[in-house]
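Reading the structure
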Amino acid sequence: MTRRREADVAIRSSDLSIARAGRGGPAQRVVDGVSFTLPHAGTLAVMGPTGSGKSSLVSVLAGSTDDGLAVVGGDAFVEGIGVRHPGRGIRQLTYLTGFLPQAAGAALPARLTVSEVIGEPITGRDRRVNQRALSVRVATLLDELLLPLGAAAKYPYELSAGMRQRVAFARALVLQPRLFIGDEPFSNMDVEVRRAAREALLRRRAEYGMTMLVVTNEPEVVRELDADVLVLRGGHAIAYGHGTKDLLWTPSGEADHRLVAS
């Protein structure tokens with residue numbers, strides 16, 4: 001499906017701050033004043049230590065509302081839709097964005113078959129969808145990610161951790177998104193499967209300009225995707241540039257080159 005682009009860039013984040021609701025206490029700020037621009041068909045890798053705000057950042061940009069997160073300062077526009085007050089735009093945002101959360105394979109709905117899990121982003125929007133066409137699309141994704149076609153009729157608990165991750169990966173791609181957001185997208189994948197998943201992303205970037213935003217701490221992933229890099233620490237951006245070898249560090253971040261060391 002060809003979609004007209006209305007925004008001049010895929011993501012424009014301006015002084016974005018995000019807080020997580022506390023349990024009986026005040027909200028905790030997890031991202032503080034992060035700004036960056038991601039052009040259409042571009043790729044950005046978000047790197048940094050545990051607790052730096054990487055997952056919170058991409059979750060908000062993907063339109064997820066499951067983590068108790070809220071924008072408390074600045075804003076970001078994803079394909080022209082503001083994430084601070086998306087309103088009815090949240091449905092469009094989640095349609096344009098294929099989101100693969102952290103450990104997505106472990107969180108697949110147990111009562112749906114693999115075919116139903118992958119197709120849910122479509123059937124959840126249109127229950128009158130052509131089931132034959134949907135089955136073909138699901139089978140194509142299974143084949144692309146090196147999953148046996150027989151997996152379509154199985155339930156997630158019948159699959160290995162690596163296979164479940166690939167099911168979640170397929171689900172994120174089923175709508176042919178403009179923007180793919182993946183939090184450690186290649187986790188639990190062996191070398192051959194990882195190569196297939198990487199090629200699936202690169203193919204879509206080349207064929208219809210899909211943009212990619214990924215969380216990773218692997219310099220190899222950055223090289224494979226030819227990505228720009230944003231490094232976070234304590235919710236703050238401390239470095240930005242292309243690849244891990246050409247980063248501009250803030251004065252407070254100069255001692256943290258080990259965060260992206262290969």
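Now for a look at the structure at hand. All residue numbers here refer to positions counted from 1 along the written sequence of the relevant chain. The predicted origin of the model limits local features to residues at a pLDDT of at least 70 and limits the giving and counting of side-chain atom pairs to 80 or more, whereas totals for whole chains, interfaces and linings rest on all residues. Working from all heavy atoms in the structure, the side-chain values ignore hydrogens and water.

**Topic: the nonpolar core**
One finds Leu-61, Phe-169 and Phe-180 to be the most contacted residues of the largest nonpolar core, which totals 80 residues. Residues contacting Leu-61, with those up to four places away along its chain left out, are Ile-11, Leu-16, Phe-36, Ala-76, Val-78, Val-83, Leu-93, Ile-181 and Leu-213. Residues belong to a common nonpolar core when they are buried Ala, Val, Leu, Ile, Met, Phe, Trp, Tyr or Cys residues joined through side-chain atoms within 4.5 Å. Burial classes: relative accessible area under 20% of the type maximum marks a residue as buried, over 50% as exposed, and values in between as partly exposed (1.4 Å probe, protein chains only). We call two residues in contact whenever any of their non-hydrogen atoms come within 4.5 Å of each other.

**Side note on the sheet that holds strand β4 (residues 69-78)**
The antiparallel open sheet is built from four strands, whose spatial order is β2-β1-β4-β5. Edge positions in the sheet fall to β2 (28-38) and β5 (81-82), since each has one partner strand and no second. Should DSSP find at least two bridges between two strands, the strands are regarded as paired. In DSSP terms, a helix is any run of H or I states spanning at least four residues, a strand is any run of E spanning at least two, and both are numbered starting from the N terminus. Across two bridges, β4 lies against β5 in antiparallel orientation. Its bridge partner lying in β5, Val-78 is registered against Ile-81. Only the stretch in contact is used when fitting a helix axis, every axis being a line fitted to C-alpha atoms; angles between N-to-C directions are given from 0 to 180 degrees. Running over the sheet, helix α1 (residues 54-61) touches β1 (11-20), β2 and β4 and is turned about 115° from β1.

**Digging into unusual backbone geometry**
Among all residues except glycine, the phi angle is most often negative; among peptide bonds, the trans geometry is most common. Phi is positive for Glu-79, close to 50°, though the residue is something other than glycine. In this fold, Glu-79 is placed in the loop between β4 and β5. Take Glu-79: its relative accessible area is 6%, and that puts it in the buried class. In this structure, Asp-226 is a non-glycine residue whose phi angle is positive, near 50°. With respect to the helices and strands, Asp-226 occurs in the loop between α7 (219-225) and β9 (228-233).

**Details of helix α6 (residues 191-208)**
Note on helix geometry: an α-helix contains 3.6 residues per turn, so any two residues three or four positions apart are oriented the same way. For α6, built from 18 residues, the straight-helix expectation of 26 Å at 1.5 Å per residue is met to within 8% by its first-to-last C-alpha distance of 26 Å. Looking only at α6, the buried set comprises Val-193, Arg-194, Ala-196, Ala-197, Arg-198, Ala-200, Leu-201, Leu-202 and Arg-204. Contacts made by the buried residues of α6 are with α4 (131-144), α5 (161-173), β7 (179-183), β8 (211-215) and α7. Looking at where α6 begins, the residue whose side-chain oxygen comes 3.3 Å from the main-chain nitrogen of Glu-192 is Asp-190. Expected helix span is taken as 1.5 Å per residue step, with the number of steps being one fewer than the number of residues. As used in this structure description, the phrase polar contact means that two N or O atoms lie within 3.5 Å; if the pair is within protein, one of them must be able to donate a hydrogen and the other to accept it, and residues adjacent in sequence are counted only when both atoms belong to side chains.

**Topic: the pairing of β4**
Pairing geometry for β1 and β4, over eight bridges, is antiparallel. The residue of β4 that forms the bridge with Arg-20 is Leu-69. Following β4, the chain reverses through two residues before pairing antiparallel with β5; Glu-79 in that reversal takes a positive phi of roughly 50°.

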